[in-house]
Amino acid sequence: MTQTYKFTHFQISAGYPDDVFWTQFAALWQNSQDRSPFKSPHIMQDFALLSGDKVRAVQYYKNGELKGAVFLKLEKNNLSFLSDLKSDANFFVFDQDCTKEDWKWFFEHLLQKAAEENWTLTLNNQPHWAQYMETFEKVGRASGMFWQNFAYSVCPIAEYESPEALFQDVHKSGKLRYYVNRLITQEKAVFEALTDDSGMEQWVEEFCNCHVDRWAGTPTPSGYQTEASRKFLTKCLRAWSADNLLVRFSIQVPGRRIGFIIGLRQEKSLILHSTTYHPDYKKHSPGKALIHFMAEWMSKNNFSILDFGDGNEAYKYTVANKEKQLNRIFTAGKWNLGFIARARFIKSIKGKNRVYEIYQKRIKPALRNFKRKLAQYHLPFPM
């Protein structure tokens, strides 16, 4: 049964929302400040169905209209973003007409409810550049709760005054042009950009197979080895396609595809959400060749910002000229000493490059692989 907590213009509903809400949310997202693909209506519906009674839909109404919303997931009394299932940046969804007072009202009531229910919040991939973040920070610090907000990752971007300027600068790279030309002349490669959902299952199968081969034998083997993970990816791509946000870039050689990029539209930006290539073609640098092709496609389709998504991998800086900061927020009642100690530990190792590198490259992948092996045998593992 769905339980609802109501405030003036504010409510948090538990469970899968009804059709009326989804209609309102679709209109809100369409008129939102950021129109993030990671919060688009179809992807949120799919994630809400998948998460069932763990879903908490946080809603802010003004004059009877939905003006702010976010989907959270409640597990073991901790709230996290539902979009953590597949996201580079986790935005709150606000109408573009919202003011600082609207943001303040929303965040005050969210933290007030968290304090009343003794909920903790772990908010990953918070875009530091979002318009509402300064207000959220002020509300958090004034809330009386434990509040920790710190830089955690980056999104490298290539930002230019026009799509043409972006392509011209990328095209200046002799290496990128060489990779493209060599693939065409030596491998008879064809570059493609797919903006509909045609041939989706085959494309995803080829993407996943390449991803598995690419990361085999490394400390971070592919997460696309299971049928369930491949079905989940297909579902995500179909959801983004339904909201007209998906562009699939790939390289075909006779008989198969060897390079892939999952691109997502966001206003004037194209987000490079995921990429892989077949290791047999590593010397041809198919990933970098695809970046050149993406930039050319962007120049013809009015995109002036190439957003490389979460992470500072070296290949992104082939063309990236700026960075956007992603934060991580922890908040809880001040009596929740275990949660506070964990949050402070995470912040402390993030500030120590060597320790954090060991954690990221060795401990975290080993733990993730162990959990995957348990999942194959349907054994539970505490999160």
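Values in this document were obtained by computation on a predicted structure and should not be read as measured data.

The rules behind the values
Residues numbered from 1 in each chain as written. Predicted model: local features only at pLDDT ≥ 70, side-chain atom pairs only at ≥ 80, totals over all residues. Heavy atoms only, no water. Helix = DSSP H or I, 4+ residues; strand = E, 2+ residues; numbered from the N terminus. Buried < 20%, exposed > 50% of the residue type's maximum accessible area, 1.4 Å probe, protein only. Contact = heavy atoms within 4.5 Å. Core = buried A, V, L, I, M, F, W, Y, C linked by side-chain atoms within 4.5 Å. Phe/Tyr/Trp six-rings, centres within 6.5 Å; stacked < 30°, edge-to-face > 60°. Lys NZ or Arg CZ within 6 Å of the ring centre and 35° of its normal.

J.: Can you break down the environment of arginine 342 residue by residue, with the values?
T.: In this fold, arginine 342 is placed in helix α10 (residues 337-350). Judged by its relative accessible area of 43%, arginine 342 is partly exposed. Here the alpha-carbon distance between arginine 342 and phenylalanine 330, two residues 12 residues apart in the chain, equals 9.6 Å. Setting aside its immediate chain neighbours within four residues, arginine 342 contacts Arg328 and Phe330.

J.: Quick one: what's the story with the nonpolar core, residue by residue and with numbers?
T.: Counting residues in each nonpolar core, the largest one holds 37 residues, and the members touching the most others are Phe25, Phe71, Leu237 and Trp240. In terms of residue count, helix α7 (residues 200-215) provides more of this core than any other element does, six residues in total. Among residues more than four places away in sequence, those in contact with tryptophan 240 are Pro37, Phe38, Ser40, Ile43, Lys86, Leu245, Leu246, Leu264 and His273. Counting residues in each nonpolar core, the second largest holds 34 residues, with Phe167, Ala189, Leu272 and Ala295 among its members.

J.: A description of the packing of aromatic side chains should follow, citing residues and the corresponding values.
T.: By the definition in use, this model includes 37 aromatic pairs. Ring centres of tyrosine 16 and tryptophan 22 lie 5.5 Å apart, and the angle between their planes is 45 degrees; this geometry places the pair in the tilted category. Consider the rings of phenylalanine 81 and phenylalanine 92, whose centres lie 5.5 Å apart with planes at 75 degrees: the pair is edge-to-face. Highlighted residues: phenylalanine 81 in strand β5 (residues 78-81) and phenylalanine 92 in the loop between β5 and β6 (93-94), separated in sequence by 11 residues. Looking at phenylalanine 81, the relative accessible area reads 1%, which means it is buried. An aromatic cluster is present here, built from Phe10, Phe81, Phe92, Phe94, Trp103, Phe106, Phe107, Tyr132, Phe136 and Trp147 joined pairwise through their rings. The cationic tip of arginine 248 hangs over the ring face of tryptophan 203; the distance from NZ or CZ to the ring centre is 5.4 Å.

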